[in-house]
Amino acid sequence: MKSPTKILAVIAALAVVVFAVVFFTNRQSQRQTPAPVKIEDISFRLKWIIYSSFAHHFVAMDKGYFKQEGLNVTIQPGGAGLDPIKFVASGADDVGLAGYAQILLAREKGIPVVAIGEEYVKSGVVAMSLKDSGITKPQDFAGKTVGIVPGSDPTIVYQSLMAKLGIDRTKINEVPIGFDLTPLFEKKIDATTVAYISNQPIVAEDKGFHVNIINPEDYGVSVGGNVIFTSEKALADRRPVLKRFLRAAMRGIVASQRMSDEEVVKIVLAHNDKLNEATERKIWKVTKEVLLSHDPKSVGLMSDETWQRTADIFKHEGLLKTVPELKKCYSNELVEQILKEGLPSDQ
C-alpha cells in the first residue's frame, strides 16, 4: 500500500499539470480570439428608388451580412435629382451604384470615382412600344415619334443601335420625355427608348398595356450594367472597410438567388410599403434571371472587355470626347481578394 505522503505528492503533481494545461489553453484561446471589429458607418446610394431590382442589398442587410462585417449601413434611395455620382464624389455617401457608362463620363470630366465591383452583368436597357403599334424592330422607328432622354444610358444605347444598323435618325421624330410611361400609354409617342427589362415592361403589363420589347443586345449592342463605386479618396483611406462592404454585398447577391421570391420581395416591401407585391415579384424574377451573376466564383468581377466595349460605344456616339484611362475607372482588386479567400457561408 502507498503511503499517504506519496499519494499527496501524486495529487499535487496532477494539480500542477491540470493548472498548466488550463493556463496555456486559455492563453492560446486569447491569442486566437480576434480583436473586436470597429463599427463603421457606410452610406450607400442606390441608382433608383427602393424596389426589387435592388433586393439583394436588402437581403444582405436583413440577413445581417453587413452587421457581421462590423458595418452600420444606411441604404439611400436614388431617383430624379439624386445622382449617386455627385453624392459619392462629394463625400456625402461612401459608395453608390452607377452604370459603367456613368463612371466613364464622370472620369472624363475629372470626377475621381472608381468602380470596385459589379452589380449587374448587363445593362438591361430596352426600347418598348405598345403591342398594337406594329413596332417590333428598330427599323420600324422610321416615320414614328420616339421618346428619348438625351444623354441618358438608354438613349445612348438607342443611338448606338441606330448607328450600327445604319438607320437614318433624321427620319425619326425624337422627342424628350422622362422615365414616366404616360406619353406611351396616351399614344403621344409611338415608342420609348427609356426602359429597362426589369422595370418598365413589367409595370406596363401590370397596368393593362401589352407591349413589344426591342432588345439592343439582340442586334449586337451591349454595354456594361451597374457597378458599385466609391471615390478615390475613400478607396485610399477606407480600403479595408470597403472590402468588408463588398463581401457583404456579394453575399447578398448569391444568397438572394437561393431564397424564394416571396421571401425576397417581403424584405423589400419592409423598406418600401408603397410597392405592389405582385409587380415586385415579377421585377425580382427578371432581375435575378437576367441581370445578376449566377456564378459565386466570379460574382462582382468586372471584365476588361466590357469596359472597353462600353467606352467604344460612347466614343463612337460622341458622348465621350476622349476615353478616360480605363485602369483608373475601375479596380477588381478587392473582389479578387474576397473571391480568393472565399465568401462566408450564409448559414
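Model, not experiment: these values are computed from the prediction.

Enumeration according to the criterion identifies one cavity of 30 Å³ or more in this entry. Along its surface, the largest cavity is lined by Val125, Val126, Ala127, Phe141, Pro154, Val157, Tyr158, Leu161, Thr193 and Pro216. Breaking the lining of the largest cavity down by element, the ones donating at least two residues are β5 (125-130) and α6 (153-165). Across the lining of the largest cavity, the residue classes break down as nine nonpolar, one polar and no charged.

Next up on the list: the packing of helix α5 (residues 100-108) against helix α13 (residues 304-316). The N-to-C vectors of α5 and α13 enclose an angle of 65 degrees; their axes lie 10 Å apart at closest approach. In terms of their interaxial angle, α5 and α13 are classed as roughly perpendicular. Where α5 crosses over α13, the two elements pack in a sense that is right-handed. The residues of α13 that touch α5, namely those facing Tyr100, Ala101, Ile103, Leu104 and Leu105, are Thr306, Trp307, Thr310, Ala311 and Phe314. Residues belonging to the contact of α5 with α13 are distributed by class as follows: eight nonpolar, two polar and no charged.

As for its placement among the helices and strands, Thr193 is situated in strand β8 (residues 191-196). Taking the C-alpha atoms as reference points, Thr193 and Pro154, separated by 39 residues in sequence, lie 6.2 Å from one another. Non-local contacts of Thr193, meaning those with residues more than four positions away in its chain, are made with Val126, Ala127, Val146, Gly147, Ile148, Pro154, Thr155 and Tyr158. At 2.9 Å, the side chain of Thr193 and the backbone oxygen of Gly147 are in polar contact.

Moving on: the sheet that holds strand β7 (residues 173-176). Overall, mixed pairing links the five strands, which are arranged β7-β6-β8-β5-β9 in an open sheet. Edge strands, defined here as strands with exactly one partner in the open sheet, are β7 and β9 (211-214). Recorded for the sheet is a direction-independent mean angle of 35 degrees between the axes of neighbouring strands. Relative to β7, strand β6 (residues 145-148) is paired through four bridges, and the arrangement is parallel. Within β7, the position partnered with Gly147 by the bridge is Val175.

Each value, and the rule that gives it
Per chain, the residues get numbers from 1 upward, laid out in the order the sequence is written. Totals for whole chains, interfaces and linings use all residues, but because this is a predicted model, local features are given only for residues with pLDDT of at least 70 and pairs of side-chain atoms are given and counted only at 80 or more. Computation of side-chain values: all heavy atoms of the structure, hydrogens and water removed. For each structure, a 1 Å grid was placed over the protein atoms alone; sets of points admitting a 1.4 Å probe that cannot get out are labelled cavities, open sets with protein on both sides within 12 Å along at least five of seven lines are labelled pockets, and lining residues have an atom within 4 Å of a point. Grid points are joined across faces, edges and corners, and a volume is the space filled by probe spheres set on the points. Helical segments are the DSSP runs of H or I of at least four residues, strand segments are the runs of E of at least two, and each set is numbered from the N terminus. Side-chain classes follow a simple rule in which Ala, Val, Leu, Ile, Met, Phe, Trp, Tyr, Cys and Pro form the nonpolar group, Asp, Glu, Lys and Arg form the charged group, and the remainder, Gly included, forms the polar group. Throughout, an axis means a line fitted to C-alpha atoms (over the contacting stretch in the case of helices), and angles, computed between N-to-C directions, take values from 0 to 180 degrees. Roughly parallel here means an angle under 35 degrees, roughly antiparallel means over 145, roughly perpendicular means 65 to 115, and every remaining angle is called oblique. By the definition used in this description, the sense in which the near helix is turned from the far one sets the handedness, with an anticlockwise turn below a right angle giving left-handed and a clockwise turn giving right-handed. Contacts were defined at the residue level, with two residues in contact if any of their heavy atoms lie within 4.5 Å. Throughout this description, a polar contact denotes any pair of N or O atoms lying within 3.5 Å of each other; where both atoms belong to protein, one of them has to be capable of donating a hydrogen while the other can accept it, and for residues adjacent in sequence the pair is counted only when both atoms sit in side chains. A pair of strands is considered paired only if DSSP assigns at least 2 bridges between the two.

These results come straight from atomic positions and should not be treated as a statement about function.
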